[in-house]
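# Per-entry structural report
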Protein chains: 2
Amino acid sequence: MTTPAPMEQFRAYLSREGLRYTRQRRAIVEAFFGSGEHLPLAEIHALARTREPSIGFATVYRTMKLLVRSGLAVEQRFDEGQSRYEPVTERGHHDHLICVRCGRIVEFEDGVIEARQEAIAARHGFRMFSHRHEIYGECLEGCPEPSSER
Amino acid sequence: MTTPAPMEQFRAYLSREGLRYTRQRRAIVEAFFGSGEHLPLAEIHALARTREPSIGFATVYRTMKLLVRSGLAVEQRFDEGQSRYEPVTERGHHDHLICVRCGRIVEFEDGVIEARQEAIAARHGFRMFSHRHEIYGECLEGCPEPSSER
DNA sequence: CTCGTTGCAAACCTTTTGCAAGGAG
DNA sequence: CTCCTTGCAAAAGGTTTGCAACGAG
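Residues numbered from 1 in each chain as written. Chains lettered and ligands numbered in written order. Predicted model: local features only at pLDDT ≥ 70, side-chain atom pairs only at ≥ 80, totals over all residues. Heavy atoms only, no water.

A few words now on the protein's contact with DNA strand C. Surveying the vicinity of DNA strand C reveals 23 residues, the closest of which are T22, R25 and T59 of chain A together with Y61 and S83 of chain B. Protein-adjacent atoms of DNA strand C, using a 4 Å cutoff, are sugar or phosphate at a proportion of 70%. Between a phosphate oxygen of DNA strand C and a side-chain N or O atom of T22 of chain A, the distance comes to 2.8 Å. A distance of 2.6 Å separates a phosphate oxygen of DNA strand C from a polar atom in the side chain of T59 of chain A. Where the surface near DNA strand C is concerned, the elements lending two or more residues are α2 (23-33) and α4 (57-69) of chain A together with α4 (57-69) of chain B. In terms of residue count, the dominant contributor to the surface near DNA strand C is α4 of chain B (5 residues). Looking at the surface near DNA strand C, its residues break down into 7 nonpolar, 9 polar and 7 charged. (Near = heavy atom within 4 Å. Polar contact = N/O pair within 3.5 Å; in protein donor to acceptor, adjacent residues only side chain to side chain. Helix = DSSP H or I, 4+ residues; strand = E, 2+ residues; numbered from the N terminus. Nonpolar A, V, L, I, M, F, W, Y, C, P; charged D, E, K, R; others polar.)

The subject of this paragraph is the domain arrangement of chain A. Residue and element names in this part refer to chain A. Each assigned domain of chain A is listed with its residue range as follows: domain 1 (6-87) and domain 2 (95-137). Contacts between the two partners involve 8 residues from domain 1 and, on the opposite side, 7 residues from domain 2. For the pair domain 1 and domain 2, the number of links is 0 salt bridges. (Domains from an automatic or database assignment. Contact = heavy atoms within 4.5 Å. Salt bridge = Lys/Arg side-chain N within 4 Å of Asp/Glu carboxyl O.)

Further remarks concern the packing of aromatic side chains. Residue and element names in this part refer to chain A. In the structure shown here, the tally under the stated rule is 4 aromatic pairs over all chains. Seen in terms of ring centroids, F57 and Y61 are 6.4 Å apart; in terms of plane orientation they differ by 75°. Their pairing is edge-to-face. Placement of the pair is F57 and Y61 together in helix α4, with a separation of 4 residues, close to one helical turn. Residue Y61 is classed as partly exposed on the basis of its relative accessible area, which comes to 41%. (Phe/Tyr/Trp six-rings, centres within 6.5 Å; stacked < 30°, edge-to-face > 60°. Buried < 20%, exposed > 50% of the residue type's maximum accessible area, 1.4 Å probe, protein only.)

All names here are of chain B. Pairing in this open sheet of 3 strands is antiparallel, and the strands run β1-β3-β2 from one edge to the other. For this open sheet the edge positions go to β1 (39-40) and β2 (73-76), each flanked by a neighbour on one side alone. Direction of pairing for β2 relative to strand β3 (residues 84-87): antiparallel, over a ladder of 4 bridges. Bridged to V74 within β3 is E86. Its contacts with the sheet place α4 against β2 and β3, and it is angled at close to 115° to β2. (Pairing = 2+ DSSP bridges. Axes fitted to C-alpha atoms, helices over the stretch in contact; angles between N-to-C directions.)

Structure below.
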């Protein structure tokens, strides 16, 4: 259940930049787009290794940076040590609700909040570039105990 | 221009917990409450050293953790490597607007956003514990070039 | 063939921890 | 006196970088 489109975009980005489409990059990008979202780098590494066992984590870091630069992924830094990466889809921008117990991550989007942010920035003489908005709590219904996702 | 009240609260917290009020803790806490807000730990360390030159950074980390546990400070982790600490005042909760050019940090508070967050959490079956909301942009009027605060 | 890429290990940075010496109560 | 605290240095994470060997085009 791989998603073909982003792969093509990545190949296009690479050749446009004079960069190479290597076995490793293919393995990493396929693993990334073929799996769940909000993946920590370590998990992307593990997934990519099932395709190309010799991949080192430095290569994963480097490739994820390329994906971010190409606009196909965004880096997330929640309240934990590691970075997570999320594919950029046609859905566009959204923020996150995070269960501090089981680690579940739910996306949300709210036009009213977005609009007020702009107003707040303007009122303080700022031009807004981006924002991050995370709501931490616990999911009440069927919150499984702490998962490996955390 | 030191603020006396939080110092007393900290002493009370320490004795309540059977902990000790040492020269180092006094220097750190005075430096912290007597200065600007949103201080990175390295800066608190430098300030405390002007009073007690032998203070090591491990002591600053340990003391700031006590301040957070006692409810007198909150730890902030913006999009940078280090943590910053902010005194908890009677003003209560607020979020931040951050200039990515000069590092200026402005606080804001918006009841509408707060209310919508609660609604969003509830709609997704979450009980909200906390949130973080940062708006990144650039301040238009008199934005000094990159400061050491960054 | 060229020159970008990889894997490894070392370097980095911030934060944490172990421990013997120091000091508050 | 007791036991909490300190300073130092080492350990811990997570991320980045230098470099010789590798390999895509």
